[in-house]
Amino acid sequence: MGRLEGKVALITGASRGIGRAIAEAYAHEGASLVVSGTNLDGLKGVAESVRSTGATVECLAADLANEQEVVALFEQAVGVSGGLDILVNNAGIYDGKPFEAYALADLDRLMKVNVYAVFTLMQKAVIHMKARGQGKIVNISSTAGKWESLNQAAYNTTKHAVVGMSKCVALETGPHGLNVNTICPGMVETDMFQNFEVHADAAGITLDQLRTATHARIPLGRFMQPDEIANLAIYLASSESDGMTGQTITISGGMRMG
């Protein structure tokens, strides 16, 4: 407890799943939070949970597909908090289909949320944190950002971009006291699995059968839980990871190794 005492964190995509777990975990470790999602209603639950720990939280709605709203989100976050120590780029969208079925509009939408928003928020954070002489940036990518996958070429492209971008930013910002690292979760127990119907259809099985088959491919025999990702995000935001930057960490129950 208290590993993030006195720190202020901006967390995107915080209304559910991994983002919510990170917000709640950071609050328990003493951080003050600015959380964002597509609408304020979706953030009410996480805000109530966080405030029950005694932590302060500000909720900001933003459409990360809109560049102006992304810029406004960062400026508002700094305004309401007085300064940011930690940025967690968690928000992302998924779209799976056979490669030839993707339209450029599909790729464009994925790129706006999964890459351009991350780029813009990181750029704003780097300028802000360099002036403060310290800062932690934690980007949530995916095992899809390190390896190949069937029926999600466009999605994987965006996640690979986050991994590469993070390493480049880490290289440039290390001398200024910043740490930039990336978490690549495998299959996590969130509602995103409901979007995997394309994979079930391609295999000619039901979604439940796909879940069972996927469990069989994971050495630990189960999906990861959001709080397991959050525990790693705590480490990367705390002083314990001051010697680590530019790293891409996989947490997948052994489904992917390396």
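As the structure is a computational prediction, the values presented were derived from the model and not from experiment.

Asker: Help me get a handle on the pairing of strand β5 (residues 135-140), residues and values and all.
Answerer: Taken across its 6 residues, β5 has 6 buried, putting it largely inside the fold. Burial along β5 is two-sided: the face carrying Gly 135, Ile 137 and Asn 139 and the face carrying Lys 136, Val 138 and Ile 140 are both buried. Note: strand β4 (residues 86-89) against β5, 4 bridges, orientation parallel. In the sheet register, Val 88 faces β5, and the bridge partner there is Val 138. Handedness of the β-α-β unit built from β4, helix α4 (residues 104-132) and β5 comes out right-handed. One ladder, built from 6 bridges, connects β5 with strand β6 (residues 178-185); its direction is parallel. Bridge pairing in β6 links Val 138 to Asn 181.

Asker: Got a sec to walk through the nonpolar core? Specific residues and values, please.
Answerer: If you look at the biggest cluster of nonpolar residues, it comprises 46 residues, and the most contacted ones within it are Leu 10, Leu 64, Leu 87, Met 122 and Ile 137. Elements with a contribution of two residues or more to this core: β1 (8-11), α3 (67-81), α4, α5 (153-173), β6, α6 (197-203) and α7 (207-217). By residue number, the principal contributor to this core is α4, which donates 11 residues. If we ignore the near neighbours within four places in the chain, the residues touching Ile 137 are Leu 87, Asn 89, Met 122, Ala 125, Val 126, Met 129, Asn 179, Val 180 and Asn 181.

Asker: I'd like a rundown of the pattern of salt bridges, residues and numbers included.
Answerer: Considering all chains together, one arrives at 13 salt bridges under this definition. Residue Lys 136 is joined to Asp 242 by a salt bridge in which the shortest nitrogen-to-oxygen separation is 2.8 Å. Residue Lys 136 is located in strand β5, and its partner Asp 242 is located in the loop between α8 (226-237) and β7 (248-251); the two are separated by 106 residues in the primary sequence. Under the relative-accessibility criterion, Lys 136 is labelled buried at 6%. Glu 189 is paired through a salt bridge with Arg 211; the nearest N and O atoms lie 3.0 Å apart. Here the residue Glu 189 occupies a position in the loop between β6 and α6, and Arg 211 occupies one in helix α7, the gap between them amounting to 22 residues.

Asker: Tell me what's going on with α4, and back it up with residues and numbers.
Answerer: Compared with the 42 Å implied by 1.5 Å per residue over 29 residues, the 40 Å span of α4 between its first and last C-alpha is a close match. Along its length, α4 shows its largest kink, about 40°, at Lys 112. Downstream of α4 by one or two residues, Gly 133 has phi in the positive range, about 80°.

Asker: Give me the lowdown on the side chain of Asn 181, citing residues and values where you can.
Answerer: Take Asn 181: it is sitting in strand β6. Among the polar contacts made by the side chain of Asn 181, one reaches the main-chain amide nitrogen of Gly 246 at a distance of 3.3 Å. Those residues within four positions of Asn 181 in sequence are excluded, and the remaining contacts are Ile 137, Val 138, Asn 139, Leu 236, Met 244, Thr 245, Gly 246 and Gln 247.

Conventions used here
- Residues numbered from 1 in each chain as written.
- Predicted model: local features only at pLDDT ≥ 70, side-chain atom pairs only at ≥ 80, totals over all residues.
- Heavy atoms only, no water.
- Buried < 20%, exposed > 50% of the residue type's maximum accessible area, 1.4 Å probe, protein only.
- Helix = DSSP H or I, 4+ residues; strand = E, 2+ residues; numbered from the N terminus.
- Pairing = 2+ DSSP bridges.
- Right-handed = clockwise from strand over helix to strand, strands pointing away.
- Core = buried A, V, L, I, M, F, W, Y, C linked by side-chain atoms within 4.5 Å.
- Contact = heavy atoms within 4.5 Å.
- Salt bridge = Lys/Arg side-chain N within 4 Å of Asp/Glu carboxyl O.
- Expected span 1.5 Å × (residues − 1).
- Bend = angle between axes of the 7 residues up to and from the residue.
- Polar contact = N/O pair within 3.5 Å; in protein donor to acceptor, adjacent residues only side chain to side chain.

In short, the description is geometric, and any link to function would need to be established separately.
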